Amino acid sequence: MIEIKSTNYSVFIVKDIVKELNSFFKLNKVKYSKIFILVDENTLKYCYPQLGAEVTEFKKAEIIEIDSGEENKSIELCIQIWSALSEMKADRLSLLVNLGGGVIGDMGGFIASTFKRGIDFINIPTTLLSQVDASIGGKVGIDFNHLKNEIGVFSNPSGVFVDINMLNTLDKRQVLSGFAEMIKHALIADENYWNEIKQANLSNLADFDSLIESSINIKNSIVQKDPMEKNIRKSLNFGHTIGHAIETLFLDHNTVEKTLLHGEAIAIGMVCEAYLSNQKLTLSAIQLKEITNFILNIYSPALFSESDYDSLIELMLHDKKNNNGEINFTLISAIGKSEINKIISTDLIKESLNYYLEKSQIVLKNKNI
Ligand SMILES: NC(=O)c1ccc[n+]([C@@H]2O[C@H](COP(=O)([O-])OP(=O)(O)OC[C@H]3O[C@@H](n4cnc5c(N)ncnc54)[C@H](O)[C@@H]3O)[C@@H](O)[C@H]2O)c1
Ligand SMILES: [Zn+2]
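Criteria and cut-off values
- Residues numbered from 1 in each chain as written.
- Chains lettered and ligands numbered in written order.
- Predicted model: local features only at pLDDT ≥ 70, side-chain atom pairs only at ≥ 80, totals over all residues.
- Heavy atoms only, no water.
- Pairing = 2+ DSSP bridges.
- Helix = DSSP H or I, 4+ residues; strand = E, 2+ residues; numbered from the N terminus.
- Axes fitted to C-alpha atoms, helices over the stretch in contact; angles between N-to-C directions.
- Contact = heavy atoms within 4.5 Å.
- Near = heavy atom within 4 Å.
- Polar contact = N/O pair within 3.5 Å; in protein donor to acceptor, adjacent residues only side chain to side chain.
- Areas by Shrake-Rupley, 256 points an atom, 1.4 Å probe, with all protein chains shown as cover.
- Domains from an automatic or database assignment.
- Buried area = accessible area lost by both parts, 1.4 Å probe.
- Salt bridge = Lys/Arg side-chain N within 4 Å of Asp/Glu carboxyl O.
- Donors = N, O, S within 2.8 Å, 3.2 Å for Na, K, Ca; no water.
- Buried < 20%, exposed > 50% of the residue type's maximum accessible area, 1.4 Å probe, protein only.
- Expected span 1.5 Å × (residues − 1).

Participant: Quick rundown of the sheet that holds strand β3 (residues 34–40)? Include the residues and the values.
Facilitator: Within the open sheet, the 7 strands sit side by side as β1-β2-β9-β6-β5-β3-β4. Their pairing is mixed. Edge positions in the sheet fall to β1 (2–6) and β4 (62–66), since each of these pairs with one other strand and no more. Direction aside, neighbouring strands of the sheet carry axes that sit 20° apart on average. Here 5 bridges tie β3 to strand β5 (residues 94–100), and the two strands are oriented parallel to one another. Considered in β5, the bridge of I35 is made with L95. Relative to strand β6 (residues 120–125), helix α1 (residues 17–27) is tilted by about 170°, and along the sheet it contacts β2 (9–13), β3, β5, β6 and β9 (159–162).

Pasting the structure below:
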(Lines give C-alpha, C1' and ligand atoms only; values in the text may rest on other atoms or scores of the structure.)
(Ligands and ions follow the chains in the order given, each with its own letter.)
Protein backbone atom coordinates (compact mmCIF):
# COMPACT_ATOMS: atom_id res chain seq x y z
CA MET A 1 0.00 0.00 0.00
CA ILE A 2 1.25 3.47 -0.84
CA GLU A 3 0.07 6.42 1.21
CA ILE A 4 0.14 9.90 -0.33
CA LYS A 5 -0.56 12.55 2.28
CA SER A 6 -2.74 15.49 1.37
CA THR A 7 -4.29 18.34 3.36
CA ASN A 8 -5.49 16.44 6.47
CA TYR A 9 -6.38 13.24 4.61
CA SER A 10 -4.52 10.56 2.68
CA VAL A 11 -4.81 8.95 -0.72
CA PHE A 12 -4.13 5.23 -0.34
CA ILE A 13 -3.07 3.32 -3.44
CA VAL A 14 -3.93 -0.21 -2.45
CA LYS A 15 -3.44 -3.77 -3.61
CA ASP A 16 -5.96 -5.28 -1.21
CA ILE A 17 -8.79 -2.79 -0.83
CA VAL A 18 -10.83 -4.95 1.57
CA LYS A 19 -7.92 -5.26 3.99
CA GLU A 20 -7.09 -1.54 3.80
CA LEU A 21 -10.68 -0.42 4.32
CA ASN A 22 -11.06 -2.76 7.29
CA SER A 23 -7.94 -1.37 8.89
CA PHE A 24 -8.95 2.23 8.07
CA PHE A 25 -12.20 1.78 9.97
CA LYS A 26 -10.45 0.00 12.84
CA LEU A 27 -7.86 2.77 13.28
CA ASN A 28 -10.14 5.71 12.53
CA LYS A 29 -10.74 8.00 15.50
CA VAL A 30 -14.37 8.61 14.49
CA LYS A 31 -16.76 5.73 15.04
CA TYR A 32 -19.49 6.20 12.45
CA SER A 33 -23.09 5.79 13.53
CA LYS A 34 -24.22 4.73 10.05
CA ILE A 35 -22.60 4.24 6.66
CA PHE A 36 -24.23 5.10 3.33
CA ILE A 37 -22.73 3.99 0.03
CA LEU A 38 -23.53 6.03 -3.08
CA VAL A 39 -23.35 3.99 -6.30
CA ASP A 40 -24.68 4.02 -9.85
CA GLU A 41 -25.96 0.91 -11.64
CA ASN A 42 -22.49 0.07 -12.97
CA THR A 43 -20.55 0.46 -9.76
CA LEU A 44 -23.30 -1.40 -7.90
CA LYS A 45 -22.88 -4.28 -10.32
CA TYR A 46 -19.10 -4.31 -10.76
CA CYS A 47 -17.51 -2.71 -7.73
CA TYR A 48 -19.86 -3.05 -4.77
CA PRO A 49 -20.35 -6.84 -4.39
CA GLN A 50 -16.91 -7.70 -3.02
CA LEU A 51 -16.77 -4.63 -0.78
CA GLY A 52 -20.30 -5.16 0.53
CA ALA A 53 -19.54 -8.77 1.38
CA GLU A 54 -16.07 -8.38 2.85
CA VAL A 55 -15.63 -4.94 4.42
CA THR A 56 -17.01 -5.40 7.94
CA GLU A 57 -18.37 -1.85 8.28
CA PHE A 58 -20.11 -2.09 4.90
CA LYS A 59 -22.14 -5.18 5.80
CA LYS A 60 -24.78 -3.08 7.51
CA ALA A 61 -24.39 -0.05 5.23
CA GLU A 62 -27.32 1.45 3.32
CA ILE A 63 -26.97 1.62 -0.45
CA ILE A 64 -28.14 4.72 -2.33
CA GLU A 65 -28.25 4.02 -6.05
CA ILE A 66 -28.57 6.64 -8.78
CA ASP A 67 -28.58 6.36 -12.57
CA SER A 68 -25.17 6.88 -14.18
CA GLY A 69 -24.44 9.86 -16.41
CA GLU A 70 -23.37 13.48 -16.28
CA GLU A 71 -27.01 14.57 -16.70
CA ASN A 72 -27.66 13.21 -13.21
CA LYS A 73 -25.03 15.41 -11.57
CA SER A 74 -27.93 17.72 -10.82
CA ILE A 75 -29.79 19.49 -8.04
CA GLU A 76 -32.79 17.18 -8.62
CA LEU A 77 -30.69 14.14 -7.76
CA CYS A 78 -29.18 15.94 -4.78
CA ILE A 79 -32.69 16.52 -3.42
CA GLN A 80 -33.47 12.82 -3.79
CA ILE A 81 -30.25 11.81 -2.05
CA TRP A 82 -30.59 14.37 0.78
CA SER A 83 -34.17 13.05 1.26
CA ALA A 84 -32.97 9.45 1.35
CA LEU A 85 -30.36 10.35 3.97
CA SER A 86 -32.99 12.12 6.07
CA GLU A 87 -35.46 9.26 5.80
CA MET A 88 -32.80 6.75 6.79
CA LYS A 89 -31.94 8.90 9.80
CA ALA A 90 -28.43 9.89 8.83
CA ASP A 91 -26.87 12.04 11.55
CA ARG A 92 -23.72 14.14 11.99
CA LEU A 93 -21.73 10.96 12.70
CA SER A 94 -22.79 9.25 9.50
CA LEU A 95 -20.32 8.53 6.69
CA LEU A 96 -21.00 8.71 2.96
CA VAL A 97 -18.89 6.43 0.77
CA ASN A 98 -18.66 7.57 -2.86
CA LEU A 99 -18.16 4.42 -4.91
CA GLY A 100 -17.93 5.47 -8.54
CA GLY A 101 -16.45 7.79 -11.12
CA GLY A 102 -16.22 11.56 -11.08
CA VAL A 103 -20.00 12.04 -11.18
CA ILE A 104 -20.53 10.06 -7.98
CA GLY A 105 -17.45 11.63 -6.35
CA ASP A 106 -18.36 15.23 -7.23
CA MET A 107 -22.02 14.92 -6.30
CA GLY A 108 -21.51 12.67 -3.27
CA GLY A 109 -18.84 15.01 -1.93
CA PHE A 110 -21.20 17.95 -2.37
CA ILE A 111 -24.08 16.14 -0.65
CA ALA A 112 -21.90 15.09 2.27
CA SER A 113 -20.47 18.60 2.63
CA THR A 114 -23.89 20.20 2.85
CA PHE A 115 -26.00 17.59 4.69
CA LYS A 116 -26.43 18.76 8.31
CA ARG A 117 -23.63 21.27 7.61
CA GLY A 118 -21.26 18.52 6.62
CA ILE A 119 -20.70 14.83 7.32
CA ASP A 120 -17.57 12.80 6.55
CA PHE A 121 -17.13 11.14 3.18
CA ILE A 122 -14.58 8.85 1.61
CA ASN A 123 -13.94 8.32 -2.08
CA ILE A 124 -13.42 4.98 -3.75
CA PRO A 125 -12.85 6.12 -7.33
CA THR A 126 -13.71 3.47 -9.91
CA THR A 127 -12.73 5.18 -13.19
CA LEU A 128 -9.22 6.10 -14.26
CA LEU A 129 -10.27 9.74 -14.53
CA SER A 130 -11.55 9.84 -10.98
CA GLN A 131 -8.53 7.96 -9.62
CA VAL A 132 -5.95 10.35 -11.08
CA ASP A 133 -7.98 13.54 -11.03
CA ALA A 134 -11.54 14.03 -9.78
CA SER A 135 -11.26 12.32 -6.38
CA ILE A 136 -8.27 14.46 -5.34
CA GLY A 137 -8.20 18.17 -4.63
CA GLY A 138 -11.42 18.84 -2.79
CA LYS A 139 -13.55 20.29 -5.57
CA VAL A 140 -17.08 18.93 -5.17
CA GLY A 141 -20.25 20.06 -6.85
CA ILE A 142 -22.95 19.68 -9.46
CA ASP A 143 -23.98 21.08 -12.84
CA PHE A 144 -26.71 23.73 -12.94
CA ASN A 145 -28.65 25.42 -15.76
CA HIS A 146 -26.52 23.55 -18.34
CA LEU A 147 -23.33 24.93 -16.79
CA LYS A 148 -20.77 22.40 -15.65
CA ASN A 149 -19.78 22.46 -11.98
CA GLU A 150 -21.70 25.71 -11.49
CA ILE A 151 -22.65 24.98 -7.87
CA GLY A 152 -20.17 23.54 -5.39
CA VAL A 153 -17.70 23.96 -2.60
CA PHE A 154 -14.16 23.00 -1.70
CA SER A 155 -14.33 20.11 0.73
CA ASN A 156 -11.88 17.30 1.43
CA PRO A 157 -12.73 13.64 1.91
CA SER A 158 -11.58 11.72 4.98
CA GLY A 159 -9.72 9.31 2.73
CA VAL A 160 -9.36 8.18 -0.89
CA PHE A 161 -8.84 4.51 -1.75
CA VAL A 162 -7.43 3.86 -5.21
CA ASP A 163 -7.46 0.26 -6.42
CA ILE A 164 -6.42 -0.38 -9.99
CA ASN A 165 -8.49 -3.60 -10.03
CA MET A 166 -11.61 -1.46 -9.98
CA LEU A 167 -10.78 -0.52 -13.57
CA ASN A 168 -11.01 -4.06 -14.98
CA THR A 169 -14.62 -3.59 -16.03
CA LEU A 170 -14.19 -0.08 -17.43
CA ASP A 171 -14.51 0.25 -21.20
CA LYS A 172 -11.56 1.35 -23.33
CA ARG A 173 -13.00 4.76 -24.18
CA GLN A 174 -13.38 5.59 -20.49
CA VAL A 175 -9.81 4.44 -19.83
CA LEU A 176 -8.52 6.73 -22.58
CA SER A 177 -10.59 9.61 -21.23
CA GLY A 178 -8.77 9.31 -17.90
CA PHE A 179 -5.44 8.86 -19.67
CA ALA A 180 -5.82 12.36 -21.17
CA GLU A 181 -5.56 13.86 -17.68
CA MET A 182 -2.40 11.80 -17.09
CA ILE A 183 -0.92 13.22 -20.31
CA LYS A 184 -1.81 16.67 -19.00
CA HIS A 185 -0.07 16.04 -15.66
CA ALA A 186 3.09 15.05 -17.50
CA LEU A 187 3.00 18.02 -19.87
CA ILE A 188 2.53 20.63 -17.15
CA ALA A 189 4.85 19.22 -14.51
CA ASP A 190 7.27 16.42 -15.33
CA GLU A 191 9.22 15.59 -18.47
CA ASN A 192 10.42 12.23 -17.08
CA TYR A 193 6.84 11.24 -16.46
CA TRP A 194 6.01 12.25 -20.05
CA ASN A 195 8.67 9.82 -21.26
CA GLU A 196 7.07 7.06 -19.17
CA ILE A 197 3.59 7.94 -20.41
CA LYS A 198 4.79 7.62 -24.01
CA GLN A 199 5.83 4.01 -23.34
CA ALA A 200 2.54 3.02 -21.67
CA ASN A 201 0.79 -0.01 -23.09
CA LEU A 202 -2.76 1.24 -23.21
CA SER A 203 -4.25 -2.23 -23.45
CA ASN A 204 -2.54 -3.48 -20.33
CA LEU A 205 -3.84 -1.76 -17.23
CA ALA A 206 -1.44 -3.74 -15.05
CA ASP A 207 1.25 -1.41 -16.42
CA PHE A 208 -0.54 1.57 -14.98
CA ASP A 209 0.22 1.20 -11.28
CA SER A 210 3.22 3.50 -11.12
CA LEU A 211 1.76 5.89 -13.72
CA ILE A 212 -1.36 6.36 -11.60
CA GLU A 213 0.83 7.01 -8.57
CA SER A 214 2.86 9.67 -10.45
CA SER A 215 -0.29 11.39 -11.65
CA ILE A 216 -1.81 11.45 -8.15
CA ASN A 217 1.45 12.86 -6.78
CA ILE A 218 1.49 15.64 -9.37
CA LYS A 219 -2.12 16.62 -8.85
CA ASN A 220 -1.83 16.37 -5.07
CA SER A 221 1.29 18.48 -4.82
CA ILE A 222 -0.23 21.20 -7.02
CA VAL A 223 -3.51 21.41 -5.11
CA GLN A 224 -1.74 21.38 -1.76
CA LYS A 225 0.28 24.43 -2.77
CA ASP A 226 -2.81 26.31 -3.92
CA PRO A 227 -6.05 24.65 -2.72
CA MET A 228 -8.34 27.54 -3.74
CA GLU A 229 -6.96 27.96 -7.28
CA LYS A 230 -5.53 31.44 -6.83
CA ASN A 231 -2.38 30.71 -8.84
CA ILE A 232 -0.44 27.47 -9.43
CA ARG A 233 -3.56 25.23 -9.38
CA LYS A 234 -4.53 26.97 -12.62
CA SER A 235 -1.76 24.97 -14.31
CA LEU A 236 -4.18 22.00 -14.18
CA ASN A 237 -6.31 23.91 -16.69
CA PHE A 238 -3.89 23.19 -19.53
CA GLY A 239 -5.96 21.89 -22.45
CA HIS A 240 -9.17 22.86 -20.67
CA THR A 241 -9.88 26.36 -22.02
CA ILE A 242 -10.38 25.07 -25.54
CA GLY A 243 -11.23 21.53 -24.35
CA HIS A 244 -14.22 22.63 -22.25
CA ALA A 245 -15.60 24.70 -25.14
CA ILE A 246 -15.36 21.69 -27.44
CA GLU A 247 -16.97 19.44 -24.80
CA THR A 248 -19.90 21.87 -24.47
CA LEU A 249 -20.19 22.33 -28.25
CA PHE A 250 -20.63 18.59 -28.61
CA LEU A 251 -23.21 18.53 -25.82
CA ASP A 252 -25.28 21.45 -27.11
CA HIS A 253 -24.80 21.77 -30.81
CA ASN A 254 -26.99 20.18 -33.46
CA THR A 255 -24.36 20.14 -36.20
CA VAL A 256 -22.06 17.76 -34.36
CA GLU A 257 -23.42 14.30 -33.64
CA LYS A 258 -20.97 12.20 -31.76
CA THR A 259 -20.72 12.79 -28.02
CA LEU A 260 -17.29 13.41 -26.59
CA LEU A 261 -16.05 12.23 -23.21
CA HIS A 262 -14.33 14.83 -21.03
CA GLY A 263 -10.81 13.48 -21.63
CA GLU A 264 -11.40 13.22 -25.40
CA ALA A 265 -12.25 16.92 -25.49
CA ILE A 266 -9.26 17.78 -23.32
CA ALA A 267 -6.99 15.84 -25.68
CA ILE A 268 -8.07 18.15 -28.52
CA GLY A 269 -7.64 21.14 -26.22
CA MET A 270 -4.10 20.06 -25.43
CA VAL A 271 -3.11 19.86 -29.11
CA CYS A 272 -4.51 23.36 -29.73
CA GLU A 273 -2.96 24.79 -26.59
CA ALA A 274 0.41 23.17 -27.35
CA TYR A 275 0.22 25.06 -30.67
CA LEU A 276 -0.46 28.29 -28.75
CA SER A 277 2.47 27.45 -26.47
CA ASN A 278 4.71 27.21 -29.52
CA GLN A 279 3.43 30.52 -30.91
CA LYS A 280 3.43 32.55 -27.68
CA LEU A 281 5.97 30.82 -25.42
CA THR A 282 9.14 28.83 -25.99
CA LEU A 283 7.68 25.37 -26.66
CA SER A 284 9.88 24.07 -29.49
CA ALA A 285 8.55 22.92 -32.84
CA ILE A 286 9.99 19.47 -32.12
CA GLN A 287 8.12 19.12 -28.82
CA LEU A 288 4.94 20.48 -30.39
CA LYS A 289 5.17 17.78 -33.05
CA GLU A 290 5.88 15.10 -30.45
CA ILE A 291 2.81 16.09 -28.40
CA THR A 292 0.58 16.40 -31.46
CA ASN A 293 1.52 13.03 -32.93
CA PHE A 294 1.24 11.22 -29.61
CA ILE A 295 -2.25 12.55 -28.88
CA LEU A 296 -3.63 12.24 -32.42
CA ASN A 297 -2.51 8.63 -32.63
CA ILE A 298 -4.53 7.74 -29.55
CA TYR A 299 -7.75 9.76 -29.90
CA SER A 300 -9.94 9.74 -33.01
CA PRO A 301 -10.47 13.13 -34.62
CA ALA A 302 -13.45 15.18 -33.53
CA LEU A 303 -15.91 16.22 -36.18
CA PHE A 304 -16.16 19.97 -35.92
CA SER A 305 -15.35 22.51 -38.59
CA GLU A 306 -14.51 26.14 -39.22
CA SER A 307 -18.19 27.02 -39.03
CA ASP A 308 -18.09 26.11 -35.30
CA TYR A 309 -15.23 28.48 -34.46
CA ASP A 310 -17.40 31.44 -33.47
CA SER A 311 -19.53 29.27 -31.18
CA LEU A 312 -16.37 27.88 -29.62
CA ILE A 313 -14.98 31.36 -28.96
CA GLU A 314 -18.35 32.41 -27.47
CA LEU A 315 -18.22 29.41 -25.14
CA MET A 316 -14.66 30.28 -24.08
CA LEU A 317 -15.72 33.87 -23.33
CA HIS A 318 -18.52 32.59 -21.10
CA ASP A 319 -16.29 30.18 -19.20
CA LYS A 320 -16.26 31.25 -15.54
CA LYS A 321 -12.45 31.21 -15.56
CA ASN A 322 -12.30 34.06 -18.09
CA ASN A 323 -12.96 37.72 -17.26
CA ASN A 324 -13.34 41.07 -19.02
CA GLY A 325 -13.80 39.60 -22.48
CA GLU A 326 -10.31 38.06 -22.34
CA ILE A 327 -9.61 34.37 -22.75
CA ASN A 328 -7.13 33.05 -20.21
CA PHE A 329 -4.85 30.07 -20.83
CA THR A 330 -2.36 27.89 -19.05
CA LEU A 331 0.38 27.13 -21.58
CA ILE A 332 3.67 25.23 -21.49
CA SER A 333 7.08 26.73 -22.19
CA ALA A 334 8.50 23.19 -22.61
CA ILE A 335 7.28 19.69 -21.84
CA GLY A 336 7.01 19.61 -18.03
CA LYS A 337 6.90 23.41 -17.53
CA SER A 338 3.67 25.36 -17.34
CA GLU A 339 2.89 29.07 -17.24
CA ILE A 340 -0.46 30.41 -16.06
CA ASN A 341 -2.50 33.52 -16.96
CA LYS A 342 -1.69 33.86 -20.66
CA ILE A 343 -4.17 35.96 -22.63
CA ILE A 344 -4.53 34.89 -26.26
CA SER A 345 -6.31 36.71 -29.10
CA THR A 346 -9.29 35.11 -30.78
CA ASP A 347 -7.41 35.09 -34.13
CA LEU A 348 -4.63 32.98 -32.68
CA ILE A 349 -7.16 30.66 -31.00
CA LYS A 350 -8.78 30.11 -34.41
CA GLU A 351 -5.35 29.41 -35.86
CA SER A 352 -4.81 26.73 -33.21
CA LEU A 353 -8.14 25.11 -34.14
CA ASN A 354 -7.00 25.13 -37.78
CA TYR A 355 -3.78 23.46 -36.68
CA TYR A 356 -5.74 20.70 -34.91
CA LEU A 357 -8.07 20.09 -37.86
CA GLU A 358 -5.23 20.01 -40.36
CA LYS A 359 -3.01 17.65 -38.32
CA SER A 360 -5.87 15.33 -37.38
CA GLN A 361 -6.84 14.96 -41.06
CA ILE A 362 -3.26 13.98 -41.90
CA VAL A 363 -3.19 11.33 -39.17
CA LEU A 364 -6.59 10.06 -40.31
CA LYS A 365 -5.40 9.74 -43.92
CA ASN A 366 -2.23 7.91 -42.86
CA LYS A 367 -4.29 5.48 -40.79
CA ASN A 368 -6.52 4.71 -43.77
CA ILE A 369 -3.64 3.80 -46.07
N1 LIG B 1 -13.65 17.39 -8.84
C2 LIG B 1 -12.69 17.46 -9.73
O3 LIG B 1 -11.61 17.99 -9.46
C4 LIG B 1 -12.93 16.88 -11.08
C5 LIG B 1 -11.86 16.73 -11.97
C6 LIG B 1 -12.12 16.14 -13.21
C7 LIG B 1 -13.41 15.71 -13.53
N8 LIG B 1 -14.43 15.89 -12.64
C9 LIG B 1 -15.79 15.45 -12.96
O10 LIG B 1 -15.78 14.04 -13.13
C11 LIG B 1 -16.88 13.68 -13.96
C12 LIG B 1 -16.41 12.65 -14.96
O13 LIG B 1 -15.96 11.52 -14.26
P14 LIG B 1 -15.81 10.10 -14.96
O15 LIG B 1 -15.08 10.25 -16.22
O16 LIG B 1 -15.31 9.18 -13.92
O17 LIG B 1 -17.31 9.78 -15.38
P18 LIG B 1 -18.53 8.97 -14.71
O19 LIG B 1 -18.54 9.11 -13.25
O20 LIG B 1 -19.72 9.40 -15.46
O21 LIG B 1 -18.19 7.46 -15.08
C22 LIG B 1 -18.14 7.07 -16.43
C23 LIG B 1 -18.97 5.81 -16.68
O24 LIG B 1 -18.26 4.68 -16.19
C25 LIG B 1 -19.13 3.90 -15.37
N26 LIG B 1 -18.27 3.22 -14.41
C27 LIG B 1 -17.68 3.77 -13.33
N28 LIG B 1 -16.86 2.88 -12.76
C29 LIG B 1 -16.94 1.74 -13.48
C30 LIG B 1 -16.30 0.49 -13.42
N31 LIG B 1 -15.38 0.22 -12.49
N32 LIG B 1 -16.62 -0.45 -14.34
C33 LIG B 1 -17.52 -0.17 -15.33
N34 LIG B 1 -18.14 1.00 -15.47
C35 LIG B 1 -17.84 1.96 -14.55
C36 LIG B 1 -20.10 4.87 -14.79
O37 LIG B 1 -21.28 4.23 -14.37
C38 LIG B 1 -20.32 5.79 -15.99
O39 LIG B 1 -21.26 5.21 -16.88
C40 LIG B 1 -17.40 14.96 -14.59
O41 LIG B 1 -18.61 15.29 -13.99
C42 LIG B 1 -16.33 15.99 -14.26
O43 LIG B 1 -16.85 17.28 -14.10
C44 LIG B 1 -14.20 16.45 -11.43
ZN1 LIG C 1 -10.24 17.63 -16.84
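Participant: Break down the site of ligand 1 for me, with residues and values.
Facilitator: Residues in contact with ligand 1 amount to 25 residues; listed here are only the nearest, D40, E70, T126, T127 and T169. Between ligand 1 and K73, the relevant distance is 2.8 Å, taken from an oxygen atom to a side-chain nitrogen or oxygen of the residue. At a separation of 3.1 Å, an oxygen atom of ligand 1 approaches a polar side-chain atom of K148. Here ligand 1 has 870 Å² of accessible area as a free molecule, and 88% of this is covered by the chains.

Participant: Provide a residue-level description of the domain arrangement of the chain, including the pertinent values.
Facilitator: As far as domains go, the chain holds domain 1 (2–169) and domain 2 (172–368). Taking the mean C-alpha position of each, domain 1 and domain 2 sit 28 Å from one another. Carbon and sulfur atoms supply 63% of the area that domain 1 and domain 2 bury against each other, a total of about 2,300 Å² over both sides. Applying the counting criterion to the domain 1 and domain 2 interface returns 4 salt bridges. D209 is the partner of K15 in a salt bridge, and the nearest nitrogen-oxygen pair spans 2.5 Å.

Participant: Could you give an account of the coordination of the zinc ion (ligand 2), with specific residues and numbers?
Facilitator: Looking at the zinc ion (ligand 2), one finds its protein donor set to be E181 (OE), H240 (NE2) and H262 (NE2), positioned 1.9 to 2.1 Å from the metal centre. Within one chain, the residues serving as donors to the zinc ion (ligand 2) are arranged as E-x58-H-x21-H. Separated by 22 residues along the polypeptide, H240 in helix α10 (residues 240–252) and H262 in helix α11 (residues 262–280) bring together distant segments of the chain. This pair shows no difference in class: H240 is buried, exactly as H262 is.

Participant: Before we move on, can you summarise helix α7 (residues 172–189) with the specific residues and values?
Facilitator: Its 18 residues place the ends of α7 26 Å apart at the C-alpha level, agreeing with the 26 Å of an ideal helix rising 1.5 Å per residue. Counting buried residues in α7 gives 14 out of 18 residues, a clear majority hidden from the surface. One side-chain oxygen at the N-terminal end of α7 lies 3.1 Å from the backbone nitrogen of R173; it belongs to D171.

Participant: Lay out the pairing of strand β10 (residues 328–334) with the relevant residues and their values.
Facilitator: Of all 7 residues making up β10, 5 are buried, and the element is well covered by its neighbours. Bridge analysis of β10 against strand β11 (residues 337–343) gives 5 bridges, and the strand direction is antiparallel. Residue pairing across strands places N328 opposite I343, the latter belonging to β11.

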